[in-house]
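Working through the structure, step by step
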Amino acid sequence: MPELPEVQTIVNDLNKKIVGCRIVGAWFDTPKIIKKLKPEEFKKHIKGLEVSGVKRRGKNVLIYLSNVSRIKSNKSRIKILLVHQKMTGHLLVGKWNARKRQVKSLIKGPLNEKVNNYIHLILYLDDGRQVALSDLRKFAKVMLGTKEEIEASPDLTRIGPEPLDRKFSFNDFAGLMSSQKRKIKQVLMDQKVIAGIGNIYSDEILWQAKVHPFKPANKLSDRELKEVFLAMKNVLGKALRMRGTSTSDFRDTEGKPGNYTRVRLAYQREGEPCGRCQTPIKRVKIGGRSAHYCPKCQKL
DNA sequence: CGATTCCCCTGATAGC
DNA sequence: TGCTATCAGGGGAATC
């Protein structure tokens, strides 16, 4: 499931690969993925737009598009295509043959993995390449609108600060935690509190900080808060440098998995020895999600 | 306000 | 072998 490091990896790749490209058409087979606009309108509106840059906010990919046509308009010339990959979404850059609607068996070479066999949306670029959204569970969503519309949408306005933003200080973090009675694991995963952290990195951060996932956020000691804050910066930074985690089926725009998978110390390591004390990692349910932690190192 | 449950979707896995 | 039940999980909605 793509979280901050995975989404940022996608964004970095897209910035290297598709900036300056013009979208000449679109294809889709799952209309429900397209929000706000009717799918046919989406097709019409996105055609002819040129990619000017790609950014990330929380777990959202923001593809900035500009209208390069000479037709003048009072409306904003800058549009944004917001993509949320949810759990199994992938943004891939390559070439497929969707006209034959045989997208489930056309991927060859380095993309020859089943994870790429569920393409539901394709943006055709003017150089022959395509940006494809594959998504096994069809939970992903894309939303096209003007820069103003998208920036004002709840997807971007109702989420908390960026954990890797240097302006996001320890005092900011401690302030947010002090007003939260919920379990620290749930608070870290709550996009409205902090943006971009999900199940993988909340487990990794709390393991690193030696804090029990069930501890109420406002009950953390000052020392624990500092540990969590530091771990948050360190874990996310390292995972980003390693191009993300692929315990599930995350893939970059080439279809390649991330490298953090092999250095993770808590997430989906149930029964395996803790990296500090060798105690088997435990797995427990919390709010419908699973938490992994060391019962010896991470005390309540 | 917070906690819980359901829903969306489909491959993997366990049980029979 | 093959069928069926269960589960995972981001996020939003509904309910308690």
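Up top is the structure these notes are about.
Just so we're clear, the structure is a prediction, and the values are computed from it rather than from any experiment.

Scoring rules and cut-offs
Residues numbered from 1 in each chain as written. Chains lettered and ligands numbered in written order. Predicted model: local features only at pLDDT ≥ 70, side-chain atom pairs only at ≥ 80, totals over all residues. Heavy atoms only, no water. Helix = DSSP H or I, 4+ residues; strand = E, 2+ residues; numbered from the N terminus. Rg over C-alpha atoms; globule rule 2.2 N^0.38 Å. Buried < 20%, exposed > 50% of the residue type's maximum accessible area, 1.4 Å probe, protein only. Contact = heavy atoms within 4.5 Å. Areas by Shrake-Rupley, 256 points an atom, 1.4 Å probe, with all protein chains shown as cover. Lys, Arg positive; Asp, Glu negative; His and termini not counted. Charge placed at Lys NZ, Arg CZ, Asp CG, Glu CD. Phe/Tyr/Trp six-rings, centres within 6.5 Å; stacked < 30°, edge-to-face > 60°. Near = heavy atom within 4 Å. Polar contact = N/O pair within 3.5 Å; in protein donor to acceptor, adjacent residues only side chain to side chain. Nonpolar A, V, L, I, M, F, W, Y, C, P; charged D, E, K, R; others polar. Pairing = 2+ DSSP bridges. Axes fitted to C-alpha atoms, helices over the stretch in contact; angles between N-to-C directions.

**As for the overall build of chain A**
Counting its secondary structure elements, chain A contains 8 helices and 11 strands. Radius of gyration (C-alpha) of chain A: 20 Å, near the 19 Å computed for a compact globule of 300 residues. Based on the C-alpha atoms only, the size of chain A along its principal axes is roughly 60 × 45 × 30 Å. Across the 300 residues of chain A, 53% fall into the buried class. In chain A, 65% of the contacts between residues at least 6 apart in sequence involve partners at least 24 apart. In the structure as shown, chain A presents an accessible area of about 14,200 Å², 49% of it carried by carbon and sulfur atoms. Separation of charge centres in chain A, based on 61 positive and 29 negative side chains, amounts to 2 Å.

**Some remarks on the packing of aromatic side chains**
Between two aromatic rings, the relevant description is the distance of the centres plus the angle of the planes. Scanning the entire structure with this criterion turns up 5 aromatic pairs. Seen from their ring centres, phenylalanine 168 and phenylalanine 173 are 6.4 Å apart, and the 75° between their planes marks the pair as edge-to-face. Each of the two residues, phenylalanine 168 as well as phenylalanine 173, counts as buried. Where phenylalanine 173 meets phenylalanine 229, the ring centres are 5.5 Å apart and the plane angle is 45°; that geometry is what we call tilted. Within this pair, whereas phenylalanine 173 is found in helix α5 (residues 170-178), its partner phenylalanine 229 is found in helix α8 (residues 222-241), the two being separated by 56 residues in sequence. Exposure remark for phenylalanine 173: the relative accessible area of 0% places this residue in the buried category.

**With respect to the protein's contact with DNA strand C**
The immediate surroundings of DNA strand C are formed by 15 residues, with Met1, Arg137, Lys285, Arg289 and Ser290 found nearest. A breakdown of the atoms of DNA strand C within 4 Å of the protein gives sugar and phosphate a share of 54%. Within the contact set of DNA strand C, a phosphate oxygen lies 2.8 Å away from a side-chain nitrogen or oxygen of histidine 84. Contacts to DNA strand C include serine 290, whose side-chain N or O atom sits 2.7 Å from a phosphate oxygen. Elements that contribute at least two residues to the surface near DNA strand C include exactly β10 (282-286) and β11 (289-293). Tallied by class, residues from the surface near DNA strand C come to 4 nonpolar, 5 polar and 6 charged.

**Thoughts on the sheet that holds strand β7 (residues 119-125)**
Across the sheet, 4 strands lie side by side as β1-β7-β8-β6; this open sheet has antiparallel pairing. In the strand order of this sheet, the two ends are held by β1 (23-28) and β6 (89-94), each with one partner. Adjacent strand axes in the sheet meet at a mean angle of 15° when their direction is disregarded. As paired strands, β6 and strand β8 (residues 130-135) are joined by 6 bridges and run antiparallel to one another.

**What to know about the environment of valine 68**
Here valine 68 lies in the loop between β4 (60-67) and β5 (78-84). The spacing of valine 68 and glycine 48 is 20 residues in sequence and 7.5 Å in space, taken between C-alpha atoms. Beyond its immediate chain neighbours, meaning those up to four positions away, valine 68 contacts Arg22, Gly48 and Glu50.

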